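Overview (structure and organization)
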There are 2 protein chains.
Amino acid sequence: MGSPAGGLQLPGALAAGPSCHWLRAATWHSSWSPASQVGGCRMEPGRRSRLALLTDLYQFTMAYGYWRAGRHWEPAEFELSFRRCPFQGGFALGAGLGECLAFLRGFSLSQADIEYVRSALPSGTDEAFFDYLRTVDASEVTVAAVPEGSVVFPRVPLLQVKGPLLVVQLLESTLLCLVNYASLVATNAARFRLLAGPDKKLMEMGLRRAQGPDGALSASKYSYVGGFDFTSNVLAGQLYGIPVRGTVAHSYVVSFSALAEVQPRMLAPRAGGEPVDFPCLATTWLERACQLLRVPREGVNEGELAAFVSYAITFPCSFQGLVDTYSVMRSGVPNFCGVALALAQLGYRAIGVRLDSGDLARQAAAIRRMLRACSVQFQLPWFEAVPIAVSNDVSEQSLEAFGTEGSDIDMIGIGTHLVTCPQQPSLGCIYKLVQVNGRPRMKLTEEEEKMTLPGCKAAYRLRDAAGRPFMDLLALADESPPRAGQELEAWVLGASPEALRVIPAAVETLHRTYFKDGQVCEPLPSLPEVRSHAAASLRSLGPAHKRLREPEPYQVAMTEKLHVLLQTLRQASQ
Amino acid sequence: MGSPAGGLQLPGALAAGPSCHWLRAATWHSSWSPASQVGGCRMEPGRRSRLALLTDLYQFTMAYGYWRAGRHWEPAEFELSFRRCPFQGGFALGAGLGECLAFLRGFSLSQADIEYVRSALPSGTDEAFFDYLRTVDASEVTVAAVPEGSVVFPRVPLLQVKGPLLVVQLLESTLLCLVNYASLVATNAARFRLLAGPDKKLMEMGLRRAQGPDGALSASKYSYVGGFDFTSNVLAGQLYGIPVRGTVAHSYVVSFSALAEVQPRMLAPRAGGEPVDFPCLATTWLERACQLLRVPREGVNEGELAAFVSYAITFPCSFQGLVDTYSVMRSGVPNFCGVALALAQLGYRAIGVRLDSGDLARQAAAIRRMLRACSVQFQLPWFEAVPIAVSNDVSEQSLEAFGTEGSDIDMIGIGTHLVTCPQQPSLGCIYKLVQVNGRPRMKLTEEEEKMTLPGCKAAYRLRDAAGRPFMDLLALADESPPRAGQELEAWVLGASPEALRVIPAAVETLHRTYFKDGQVCEPLPSLPEVRSHAAASLRSLGPAHKRLREPEPYQVAMTEKLHVLLQTLRQASQ
């Protein structure tokens with residue numbers, strides 16, 4: 001075992017023990033200096049990603065098998081795709097490509113990696129194999145892919161990975177790991193966006209619920225791709241430039257018990273001038289608010305008031321009240337109104353109310369009525385529109401249940417149900433050999449759904465006259481592409497055995513070559529560009545395919561040549 | 001945005017762009033050299049974990065609020081606990097402590113971190129606050145915790161975190177992130193172990209389905225803690241010393257189409273001697289097996305035979321056959337028998353059959369009958385006991401459904417349902433302020449379940465005369481501990497308002513102080529030690545609490561003093 005720790009003398013050894021992989025992993029990446037990252041993208045010795053071992057052992061046993069049989073150099077192609085749309089929906093967003101390319105650039109095995117692989121393989125494994133592993137990298141690998149953020153469908157490859165059999169086999173598990181969750185959470189985010197409509201602000205706040213630190217960062221990044229506006233995760237903000245948001249937690253509110261604790265107490269008007277004793281001013285306004293809202297003054301929690309007052313003095317231009325630490329209607333909202341109205345007298349506008357428990361839509365509607373009452377009574381038109389932010393285990397179901405009362409909600413924070421994707425926590429992508437040494441290959445299992453489509457392929461998205469995609473067509477790579485305006489025959493997967501005749505108004509080639517000769521060979525979009533592409537790609541998709549429940553399945557079809565090849569291989573195996 | 005990428009001239013910029021956080025994160029950890037990790041554990045400048053920003057923005061806005069109010073130094077205590085056992089079960093395994101301690105050791109903010117925080121806070125934030133942030137670390141933090149791997153219950157703190165209010169507030173999100181998933185997946189693994197019984201081998205194989213690369217590593221590590229035997233993840237093996245396993249995938253099998261492709265062809269007997277043409281020998285044995293098993297020879301797939309033969313030549317001492325690429329019974333098993341019997345003639349024993357689709361238990365039983373037939377016919381007693389390994393989306397439900405036929409299964413590989421915990425993908429731990437500046441605090445929300453227990457506490461596990469734990473008792477820290485053999489009054493949480501009178505036969509203090517004065521102050525167990533502790537802790541728990549469905553809830557109770565404090569604070573707020 002990897003733990004040299006033991007006695008009290010060496011407690012520091014914990015960091016070298018088994019207890020902190022995300023700290024240790026660090027050291028293996030230390031050769032990736034920022035300088036090397038912005039330089040040219042050829043792989044140089046010493047610029048290794050050190051993630052070559054983030055794979056399943058059987059990739060190495062197979063690699064040895066290929067090598068022993070002298071087949072390691074055979075040209076092979078794998079396709080990465082998924083079998084079913086996640087969440088019983090009608091689409092997915094493809095994501096993770098950028099990370100796959102970064103992994104490929106740095107792909108190689110260090111001496112320590114190779115020593116470990118040696119220890120894990122049966123003794124007697126030929127020493128020359130490990131010498132060979134030292135030379136392995138992605139310099140002979142070619143990757144074509146659907147642009148990141150695109151709407152994608154079952155069976156259409158997200159990635160096509162070509163290269164020497166041994167190398168492209170070794171890449172499998174890592175590529176799957178990088179695409180699976182990225183695409184899943186981007187799709188999940190897109191569904192929340194579809195449900196919430198274009199106007200509500202959506203914030204990802206799943207750090208504490210995510211499956212590990214990196215799961216959290218991936219969630220922030222790909223939720224943004226899928227249409228979220230903000231994240232609570234500061235590191236994700238720093239890393240990816242995603243706008244971050246956040247104000248206070250309940251612990252801040254409960255940490256106060258009385259107004260006497262508030263200091264400093266003075267706050268100057270926004271336009272300048274003599275500072276005033278803000279706790280006094282807020283207390284005065286609280287009395288008025290209580291009277292107006294018919295809330296007993298004595299039921300208002302003073303610690304909560306102190307917390308709000310203190311926060312308002314600290315952030316007078318961005319005061320938000322978290323109103324559910326005690327009673328929402330009898331304490332939280334009156335306290336918010338008192339403090340926000342006091343701020344208003346000094347020329348500051350509160351930025352919001354936040355609610356983290358209970359029936360969110362119903363309470364939001366009630367809060368809106370109270371804000372409106374203050375707005376009218378104190379002649380502050382903007383006050384009724386103070387944004388209401390909600391969170392509390394929000395799921396697709398709770399969003400659907402918001403109904404008309406939900407229209408009073410302006411911003412929704414989503415954690416667990418966004419980042420862990422409980423409706424379907426894995427996309428289930430597969431990576432299947434489709435050709436080796438010039439021969440098309442397929443898995444002819446007894447489970448129909450696990451069968452794969454053979455051969456090197458091209459994929460085309462066919463659009464109707466309105467520009468809407470209606471079919472993705474898979475063809476053999478050496479076929480001439482379909483042409484706009486020309487009729488073609490298509491065998492729709494999972495549909496009747498008869499061909500369909502269709503005439504596309506426009507034809508788009510789905511894959512681009514992103515990686516060749518060890519280099520990234522296509523300009524990569526920035527994260528906001530990926531996000532915009534995802535939004536545009538979704539916009540063009542027909543509403544029937546975007547329905548979250550029982551969507552109309554999008555057609556994925558084969559050309560006649562591919563259909564014939566499939567039939568031939570099936571028959572040959574019987 | 002953080003992406004300087006753009007044109008074809010600089011494709012290498014992708015690695016600095018938003019697309020590869022787990023590679024970039026690397027550079028921020030580069031100051032953690034292995035040398036620094038095994039050295040003393042005092043935090044030195046330059047030995048920063050760079051994960052201080054893996055937190056929610058509101059921690060920083062609250063920190064500024066505390067600092068502005070001059071409250072940042074106030075002594076505070078937070079408790080990390082969960083509200084309900086995961087998976088509707090009766091227990092959880094506490095895990096993640098080692099990673100929390102490593103995080104604490106390195107906790108501090110770099111200049112770049114502080115600059116980023118400045119950019120995320122409202123303009124006008126006092127410059128002196130950022131100077132203060134430069135001095136922040138965990139040197140005044142004290143952490144007491146339940147030993148990693150212990151059986152734990154709702155409301156009993158896994159961690160008690162004491163220190164200056166501002167600092168312990170900043171730690172919240174990261175600690176939650178580190179404990180939540182670790183404990184969840186360890187518990188999930190323990191449930192699979194309980195279901196499978198002590199004898200079957202369990203292998204974690206969730207890398208490709210996990211929520212990101214680090215999610216995968218955490219899954220491997222904490223599944224092992226929860227009672228799994230192996231992982232497929234090579235990096236997890238290298239990092240944590242977990243035994244790794246793996247043989248071949250379907251792609252290996254489909255990459256072969258004919259025996260002529262097999263090379264080399266010669267294999268020497270185990271005891272030495274003249275090498276024989278192994279494809280010929282295997283073909284001979286295949287004929288015999290087909291005859292015995294009454295399988296038509298012409299239905300046996302030759303590519304599959306070639307793959308098995310090639311693999312057997314490569315790994316004669318560890319041949320395993322993946323039998324479901326084509327027909328399991330008409331091709332896979334006969335091919336396995338042919339190759340394994342040929343190996344047997346040369347003195348080698350095959351190590352197993354693997355099955356990755358269909359009805360696993362039924363097929364395993366059928367395969368066992370075929371192995372038995374060969375065993376009898378060819379007088380190889382060990383042949384009937386060749387281990388059968390299965391995988392295919394195995395869940396708790398499918399394990400339960402195995403029934404008696406499942407007894408023919410020796411090893412189970414579990415991926416998605418283990419690592420993504422689809423039954424409940426987040427443990428939902430909370431981190432709540434229980435005391436500040438000497439005053440007990442609690443969250444008195446309208447949702448009863450979200451209420452917290454106030455005050456600095458101690459926790460005791462009470463055992464009966466048979467050594468079985470029957471109650472965890474929460475007391476105020478300054479109370480004298482309960483004594484074995486002495487009657488005490490206990491108010492059980494969530495039960496009747498009357499006190500229960502109990503006499504523990506033994507009393508165990510649950511928490512130990514692991515971190516003090518910036519140092520880890522308790523020897524940390526190795527991963528196998530944590531795993532053994534988890535097994536022992538589970539063994540001691542009564543069977544009624546270990547039932548996977550409708551378990552008997554374990555009692556968590558308060559002493560009279562804590563009960564009175566809770567009532568007093570509740571009444572004071574009303």
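Quick caveat, the model's predicted, so the values are computed rather than measured.

1. So, the confidence of the model for chain A
Residue and element names in this part refer to chain A. Residues with a pLDDT of 70 or more make up 90% of chain A, whose mean pLDDT is 89. Counting interchain partners and residues more than four positions distant, the pLDDT-below-50 stretch residues 1-48 has 157 contacts. Overall fold confidence (pTM) sits at 0.90, and the ipTM for the predicted complex is 0.89.

2. Here we look at the packing of aromatic side chains
All told, the structure shown has 38 aromatic pairs over all chains when counted by the stated rule. Ring centres of A:Y252 and B:Y66 lie 4.9 Å apart, and the angle between their planes is 35 degrees; on these two criteria the pair is classed as tilted. Placement of the pair is A:Y252 in helix 11 (residues 250-254) and B:Y66 in helix 3 (residues 57-68), with the two residues belonging to separate chains. Each member of the pair, A:Y252 as well as B:Y66, is classed as buried. Here A:R71 stacks its cationic end above the ring of B:F256, 4.2 Å away from the centre of that ring. Over the aromatic face of B:Y224 sits the side chain of B:R531, whose NZ or CZ is 4.5 Å from the ring centroid.

3. Remarks on the environment of A:W73
Residues and elements named next belong to chain A. Checked against the element boundaries, W73 lands in the loop between helix 3 (57-68) and strand 1 (75-81). In this structure, the C-alpha to C-alpha distance between W73 and Q567, residues 494 residues apart in sequence, is 29 Å. Beyond its immediate stretch of four places on either side in the chain, W73 contacts P164, L165 and N437. In this structure the side chain of W73 is engaged in a polar contact, spanning 2.7 Å, whose partner is the backbone oxygen of G70.

4. Quick notes on the sheet that holds strand 1 of chain A
Residue and element names in this part refer to chain A. Here we have seven strands laid out as an open sheet, ordered 15-14-1-5-3-21-22, and antiparallel in their pairing. The sheet is open, and its two edges are formed by strand 15 (439-440) and strand 22 (519-520), each paired on a single side. Pairing analysis gives six bridges linking strand 1 to strand 14 (residues 430-436), with the strands arranged antiparallel. Residue pairing across strands places A76 opposite V436, the latter belonging to strand 14.

5. Some points on the pattern of salt bridges
Pairing is possible between side chains of opposite charge, provided their charged atoms come close. All names here are of chain B. Summed over the entire model, instances satisfying the criterion amount to 50 salt bridges over all chains. The closest approach of N and O atoms between R118 and E115, which form a salt bridge, is 3.0 Å. Of this pair, R118 and E115 both sit in helix 5 (residues 111-120), separated by three residues, roughly a single helical turn. Two residues, R501 and E489, come together in a salt bridge whose shortest N-O distance is 2.7 Å.

6. Digging into the domain arrangement of chain A
The assigned domain composition of chain A is domain 1 (25-192 + 426-572) and domain 2 (247-390). Just the C-alpha atoms count here: the centres of domain 1 of chain A and domain 2 of chain A sit 53 Å apart.

7. Here we look at the pairing of strand 18 (residues 488-492) of chain A
Residues and elements named next belong to chain A. When you tally the buried positions in strand 18, you get four out of five residues, the bulk of the element. In this sheet, strand 19 (residues 500-502) lies alongside strand 18 in antiparallel orientation, the contact comprising three bridges. Looking at strand 19, one finds that L488 is bridged to V502. Where strand 18 lies against strand 23 (residues 555-558), two bridges are found, and the strand directions are antiparallel. Across the sheet, V492 pairs through a bridge with A557, a residue of strand 23.

Rules used throughout
- Residues numbered from 1 in each chain as written.
- Chains lettered and ligands numbered in written order.
- Predicted model: local features only at pLDDT ≥ 70, side-chain atom pairs only at ≥ 80, totals over all residues.
- Heavy atoms only, no water.
- pLDDT = per-residue confidence, 0-100.
- Contact = heavy atoms within 4.5 Å.
- Phe/Tyr/Trp six-rings, centres within 6.5 Å; stacked < 30°, edge-to-face > 60°.
- Helix = DSSP H or I, 4+ residues; strand = E, 2+ residues; numbered from the N terminus.
- Buried < 20%, exposed > 50% of the residue type's maximum accessible area, 1.4 Å probe, protein only.
- Lys NZ or Arg CZ within 6 Å of the ring centre and 35° of its normal.
- Polar contact = N/O pair within 3.5 Å; in protein donor to acceptor, adjacent residues only side chain to side chain.
- Pairing = 2+ DSSP bridges.
- Salt bridge = Lys/Arg side-chain N within 4 Å of Asp/Glu carboxyl O.
- Domains from an automatic or database assignment.

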